[in-house]
Amino acid sequence: MLFIKQKYLPYRIAFFSVGVTLLVKLGLEHITGITSSFSLWLIAIAISTWYGSIISGLTSLFLAALASHYFFTNPSSTLNSLEFVLFVIEGLLISALTANFQSSKQQSDSDKTEAQINLKDLLQSQRSLRQGEELYRTLTQNLPNGVVFLFDRDMRFMGAEGTELQIFGLAKEEFQGKTLHETVLPETYELIEPAYRSTLQGTPMCIEIPYNNQVYLVQTFPVKDENSKILTGLAIFQNVTNRKQAEAKIIKLNQALNRRVKELQTLLEVIPTGIGIAEDPECRTIRVNPALAKLLGIPVDANASLSAPNDERPTNFKVYQSGRELAPEELAMQYATTHGVEILDSEIEVVRDDGVRINLSQYAAPLFDEDGKVRGCVSVFLDITQRNQAERKLQAARDQLQTVLEAVPGIVSWVSSDLCYLGVNKHLADSFNLPPEAFVGQDIGFLASGNGFREFVQNFFAGDQSEALYELRSISADRSYLIVAQKYDQNRAAFLIGIDITEQKRVEEELRQKTEELAEINRVKDEFVAVLSHELRTPMHNLHGWAQLLLTEHEMDEALKIEGLETIERNARLQVRLIDDLLDLARMQKGEMNLEIEPVDLASVIRSAADTIRLSAETKGIQIKLHLDAVSNVLGDAIRLQQVVWNLLSNAIKFSSKNESVEVRLEQVESQAQITVIDRGRGIEAEFIPFVFERFSQRDASTTRSAGGLGLGLAIALTIVELHNGNITAASGGFGKGSTFTVRLPIVKMTKQLSNEELVVGELLHGNQKTAQLQNLCILVVDDDADARMLMQTVLQSAGADVLVAASVKEALALLEQQSPALLISDISMPDEDGFTLIHQVRSRNIEQGGQIPAIALTAFAEAKNEQRILKAGFQLFITKPIEPMELVDKIIEVLKT
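Residues numbered from 1 in each chain as written. Predicted model: local features only at pLDDT ≥ 70, side-chain atom pairs only at ≥ 80, totals over all residues. Heavy atoms only, no water.

*Asks:* With reference to specific residues and values, describe the overall build of the protein.
*Replies:* The helix and strand inventory of the protein stands at 22 helices and 29 strands. In the protein, which comprises 898 residues, the proportion classed as buried is 41%. Taking all contacts inside the protein whose residues are at least 6 apart in sequence as the whole, residues at least 24 apart take part in 58%. Only carbon and sulfur atoms are counted for the fraction: they give 54% of the accessible area of the protein, which is about 50,100 Å². (Helix = DSSP H or I, 4+ residues; strand = E, 2+ residues; numbered from the N terminus. Buried < 20%, exposed > 50% of the residue type's maximum accessible area, 1.4 Å probe, protein only. Contact = heavy atoms within 4.5 Å. Areas by Shrake-Rupley, 256 points an atom, 1.4 Å probe, with all protein chains shown as cover.)

*Asks:* An account of empty space enclosed by the protein is needed here, citing residue identities and associated values.
*Replies:* All chains considered together, the criterion is met by 3 cavities of 30 Å³ or more. The calculated volume of the largest cavity comes to roughly 200 Å³. Around the largest cavity, the lining comprises 17 residues; the ones closest to its centre are Ala304, Val319, Leu331, Gln362 and Phe381. Those elements that provide at least two residues to the lining of the largest cavity are β7 (286–288), α8 (290–296), β8 (317–321), α9 (332–339), β10 (343–352) and β11 (357–368). Looking at the lining of the largest cavity residue by residue, the class counts come to 15 nonpolar, 2 polar and no charged. Lining the second largest cavity are Leu641, Val644, Val645, Leu648, Ile675, Val743 and Leu745. Considering only residue class, the lining of the second largest cavity consists of 7 nonpolar, no polar and no charged. (1 Å grid on protein atoms, 1.4 Å probe; cavity = no way out; pocket = protein on both sides within 12 Å on 5 of 7 lines; lining within 4 Å. Points joined across faces, edges and corners; volume = space filled by probe spheres on them. Nonpolar A, V, L, I, M, F, W, Y, C, P; charged D, E, K, R; others polar.)

*Asks:* Run through the sheet that holds strand β9 (residues 324–325), naming residues and quoting values.
*Replies:* Spatially, 7 strands are ordered β7-β6-β12-β11-β10-β8-β9 in an open sheet, and the strand pairing comes out antiparallel. The open sheet has two edge strands with one neighbour each: β7 and β9. Against the sheet, α9 makes contact with β6 (274–278), β7, β10, β11 and β12 (374–383), and its axis sits at roughly 150° relative to β12, the strand it touches most. (Pairing = 2+ DSSP bridges. Axes fitted to C-alpha atoms, helices over the stretch in contact; angles between N-to-C directions.)

*Asks:* Would you mind going over the sheet that holds strand β3 (residues 205–211) in detail, with residue names and values included?
*Replies:* One open sheet accounts for 5 strands, arranged β2-β1-β5-β4-β3; its pairing is antiparallel. Among the strands making up the open sheet, the edge pair consists of β2 (157–162) and β3. Going across the sheet, the axis of each strand differs from the next one's by a mean of 20°, ignoring polarity. Direction of pairing for strand β1 (residues 146–151) relative to strand β5 (residues 230–239): antiparallel, over a ladder of 6 bridges. Note that in β5 the partner of valine 148 across the bridge is isoleucine 236. Of the strands in this sheet, β1, β2, β3, β4 (214–224) and β5 are in contact with helix α6 (residues 186–200), which crosses β3 at around 165°. Docked against the sheet, helix α7 (residues 241–270) engages β3, β4 and β5, running at close to 120° with respect to β4.

*Asks:* Summarise the side chain of glutamine 334; cite the residues concerned and give the values.
*Replies:* Here glutamine 334 lies in helix α9. Aside from chain neighbours lying at most four places away, what touches glutamine 334 is Glu282, Cys283, Ser305, Ser307, Pro328 and Glu329.

*Asks:* Before we move on, can you summarise the UniProt feature "modified residue: 4-aspartylphosphate" (unreviewed entry) in the protein with the specific residues and values?
*Replies:* Under the UniProt annotation, "modified residue: 4-aspartylphosphate" (unreviewed entry) lies at Asp827. Within the fold, aspartate 827 resides in strand β27 (residues 823–827). Setting aside chain neighbours within four positions, we find aspartate 827 in contact with Val782, Asp783, Asp784, Gly835, Leu858, Thr859 and Lys881. (UniProt positions renumbered as here; feature names shortened; annotations may be inferred.)

*Asks:* Talk me through a nonpolar patch on the surface; I want residue IDs and the actual numbers.
*Replies:* On the surface, a cluster of nonpolar side chains totalling about 530 Å² of accessible area is made up of Tyr11, Phe15, Ile54, Ile55, Leu58 and Leu92. Secondary-structure elements contributing two or more residues to the nonpolar patch are α1 (2–32) and α3 (54–71). If one sorts the elements of the nonpolar patch by residue count, α3 sits on top with 3 residues. Locating leucine 92 in the fold gives a position in helix α4 (residues 81–141). (Patch = residues over 30% accessible without salt bridge, like charges linked within 9 Å, V, L, I, M, F, W, Y side chains within 5 Å. Salt bridge = Lys/Arg side-chain N within 4 Å of Asp/Glu carboxyl O.)

*Asks:* Let's hear about α6: which residues, and what values?
*Replies:* Along its 15 residues, α6 runs 20 Å from first to last C-alpha, staying within 8% of the 21 Å computed at 1.5 Å per residue. Inspection of α6 places Thr188, Ile192, Glu193, Ala195, Tyr196, Ser198, Thr199 and Leu200 among the buried residues, and these make up the whole buried set. One or two positions beyond α6, positive phi appears at glycine 202, with a value near 105°. (Expected span 1.5 Å × (residues − 1).)

*Asks:* Any details on helix α15 (residues 602–619)? Residues and values, ideally.
*Replies:* With 18 residues, α15 extends 26 Å between its outermost C-alpha atoms, agreeing within 8% with the 26 Å of an ideal straight helix rising 1.5 Å per residue. Helix geometry: α15 is bent most strongly at isoleucine 613, by close to 50°. Two to three positions downstream of the cap, the backbone nitrogen of alanine 603 sits 3.2 Å from a side-chain oxygen, assigning the N-cap of α15 to aspartate 601. The positive-phi residue at the C-terminal boundary of α15 is glycine 621, with phi of around 70°. (Bend = angle between axes of the 7 residues up to and from the residue. Polar contact = N/O pair within 3.5 Å; in protein donor to acceptor, adjacent residues only side chain to side chain.)

*Asks:* Let's hear about the packing of helix α19 (residues 809–818) against helix α20 (residues 835–843): which residues, and what values?
*Replies:* Geometry of a packed helix pair, given as the angle between the helix axes and the separation of the axes. Across the interface, α19 lies against α20 with an axial gap of 10 Å and an inter-helix angle of 25°. By the angle between their axes, α19 is roughly parallel relative to α20. Where α19 crosses over α20, the handedness of that crossing is right-handed. Facing Val809, Ala812, Leu813 and Leu816 of α19, the residues of α20 in contact are Leu838, Gln841 and Val842. For the contact of α19 with α20, the residue count by class is 6 nonpolar, 1 polar and no charged. (Parallel < 35°, antiparallel > 145°, perpendicular 65-115°, else oblique. Left-handed = near helix turned anticlockwise from the far one by under 90°.)

*Asks:* Which residues make up the pairing of β8, and what values go with them?
*Replies:* Looking along a regular strand, one sees the side chains alternate between the two faces of the sheet. Here β8 runs beside β10; their pairing, made up of 4 bridges, is antiparallel. Following the sheet pairing, valine 319 is matched in β10 by valine 350. Of the strand pairs in this sheet, β8 and β9 are connected by 2 bridges, and their pairing is antiparallel. Bridging across to β9, tyrosine 320 finds its partner in glutamate 325. Counting the residues that bridge the hairpin from β8 to β9 gives 2 residues, and of these serine 322 lies at a positive phi of roughly 55°.

*Asks:* If you had to explain the nonpolar core to someone new, which residues and values would you point to?
*Replies:* Counting 44 residues, the largest nonpolar core has Leu602 and Leu649 as its most contacted members. The set of elements that each furnish at least two residues to this core consists of α15, α16 (638–654), β21 (661–669), β22 (672–679), α17 (713–723), β23 (727–732) and β24 (739–746). Not counting the four nearest positions on each side in its chain, leucine 602 is found in contact with Val634, Leu641, Leu666, Ala673, Ile675 and Leu745. Membership of the second largest hydrophobic core comes to 27 residues, among which are Ile779, Val795, Ala799 and Val895. (Core = buried A, V, L, I, M, F, W, Y, C linked by side-chain atoms within 4.5 Å.)

This is the structure:
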C-alpha cells in the first residue's frame, strides 16, 4: 500500500498545484476582471517539479495548458500560438531546471548525509575499538586465576596478560616472540601443542592439563578477519584446581548423601516404630513405613491419609480420642501442618474393621521448605496398647493392695521407678502425722534424707535383682527397720515393707561384739597354729631328712656328711628356741614364770646375748655394735634378762638387710638402767606399733612373709621386763626407716621373789629308709630354705635323679625357660612370691612351654583348707613337711604314672 502511495505521489502533487493555481486565477479574474497570464502556471509547474519530480512538473505543464485553454480562452478567439508555445517551452525549461536543481540538491544532501553517517560510524568504530581494547586488557589482566595468550601461526607469542603469568617463570614482556616450545616443559608442550595446532586450523579446543601441582583449563580460539581468514590464535589458561577439588568434594558429598538416603530408607523399613510422612501441606498423601502399615492394617504402599481424595482414602480403620472419633482436620498431622506447630505425646486409639484396637502415642512435627513455608509433616507412632493395659491392671492391683496393706502393722509403701510414692499404708502415714494421700507423687526423700534410703531404692531399681534388703535407722525416732524391697509391674514399681527390728538390732549388736571378740581370738589362734606348724615343720623337715640320709647313705661324701650334721645342729637349735618360747607362753598364761633374783650386771648380760646371736648376724653380714656405759647392777634373773636382749637382737637382725649394723646401748637414765636396741631395717608402720608386743602379733602372717617366727618373742620380753618392774617400748619412723626398742629397769629393788626355771632343750629326730631309684629323671626343686634345698637335692640325687634347684619363683621360671624337667617340687611358703604364684604362672603356659608339667607341693602348713587350696591351684599332690625320703620317691613315681 505504501508503495502504491509513493508511485502516485508525483501526480497528486501536480493536480494539487495546478488546482490551487486555477482557483487563484479564477478568483483574481472574478475580483479584478483581468485574465492573468501564464506566469502563475509557471509557479505551479516549478512547485510541482520541486516537491515532486520531473514527471510531476510535466504533468503540471500539461494540466496547466488544458486549464488555460478551457477556462481562459474563448473558443471563438484566436489563440496566440507563439505565446502558448513559449509558455510550454518555459514550462519545460522551468521543469527541467527545477528538476536538475532538485536532483543536485538531493545528491548534495545525500552525499552530506552519507558523509555524516560514515563519520559517525568511524567515530563509533574507534570508540568500540578503544572500548574493546580496554575490555580485553581489563579482562586479561583481571582474569581470575588465569592467563591469556595471543600467538601467531608459528605458535610464537604476540602478547600475554593475566594474574598467573608467574607460573611460567617469565615476565609479560619476555613472552613476546618466544615459541610455545621455549616457554613450557616438554611434557606440557606435548599436551598443549595439539590444541594450538588445531586452533590455527580453525577448530577451537578445550583441554585440562596438570602444571606445577595445579590443574589448568586451556581453551584455544582462532582469531579471524572480516573474510574469515585466521590471523592469530587466542589461548586462555585458567587455574581450576580449586574447582576440581570442589567438584571432587561435591561428588563425595553426593555419594555420602545417597548413602545416607539409603540408610534412612532402610531405617524406615526396619525400625519397629511406626512412621508416617505427609508430602503436602494438606496431608492428602501420607506414606507409611512397614511398622505403621502393620498397625493400621493397610498395604505399605497405600495412602494412609484420611484427608486423601475419596478414591484413595483408607476405609479399614478409624481414629478415636477420649472415646470420640476424630475428623480428618483434627488429626495430629493435619493440625501440625495447618498451624505450623509440633504435637507431642498425643494419645489416640485406632479401631480397625477386624475389631483390633490399638493405642498409639503420636508425635507430629511440620516440615518447612527453604522459604519457611510448611511443605508437609512427619509423625511417629508408638504402640502403647500393652502399656495402657498394664497401667489399668496396675491401678486395679494398687486399689486392692491399698485395702489389704492398711491392716499391716509395719510401715509399707509402694514406689515407682522414678522414686516417687505411689501409696503408703496408714501406719507409715501416722508416723509422720500426715494423711496417706499426702505421700502420693512425692519423692521418697521429701520428709527425710541423709540416711541412705533414697540411694538404696535408686540402686535397687537400677540393678538386676528383684528383691533386696536394707536396714533403715529412723532419724526422727530411735528405731531401726528392716526394709524388704520387692519389684513388680515389670520392674517399674516396688513394694517396700519395713519391719521394726530395734530390739533385734540391740541383741545383734551385743552378739556382734562378742562374735568379734571370739573371731579375733579364733583368728589369733588359727594364725598361731598355722605359723607354729610352719615354724616346727620346716626345721623338722631338714632334721628328719638329713638324719635319714646319714643313717642310710653309708658311702656319703665326708664333706657332705659334715654339712648335713651342721644343718641338723642348726635346725635343732632353732627347735629349742621355739620350744622355749612355747614353754614360756604356757608359763605366762598360768602365771607360773618364776625369776631367780640376784644382782645382775647388765653389761655382761648384753655381751652374752650378743655372743650367742653373733653367728646368725655374721651369716647376714650384720655387725653388732655395743655402746655400754657403767651402770649399777639391777636385781633380777640374769638368764631371763639375757633372753630379753637376745629376743630384741634376734628381732633386729631378722628385719635388717644384709651388711647393715645393729646397735645396743646401755646407759643410766635417772634411777633406771636403759637398754636400747637400734636397727636400720624394715621398720614398723605406725598403725602396727600398738600391737607389736601382743602375743602372736605379726605384721605379715601370709605365706609370702620374708621373716619367720611365732610372734611370741616380744610378748615374752614384755612379760619378763614387767616382772622386773620395768617397761619396754617400741618406736619407728615408718616402713624402711628402722626400729628402736627401749628397756628400762629399776636399779634399786625388785617386788617379787621367784624360783629358778631350767631351760628345756629337746629335739626328736626321725629316721628314714633307703629311697628308691629315679634314674635319668630331671626334677626341679624350688624352696627358699637352703637346707631344705640341699636335703631334697641329696635325697633325689641318691635316687638317681638329675636335680635342678631354685631359691625363688623367679629362678624357677628362668630354669623352665632353659630346660624341660619331668617334675616340679615346690615349697608353698616363700618370701615375695609363694608356691601358688609359681603354679599359676606355670599353668598359664602352653604345653610346649611346660604348662602341663606334674607338680608336687611341699609345705609345713598342714591345715585341710591349705591342702584344698593347693590342689585347686594346680598341684597334683600335697606333701607335708617333714618328708620321708622313701615316701617322697614313691609319691613322685605315683604322680608321674598318673
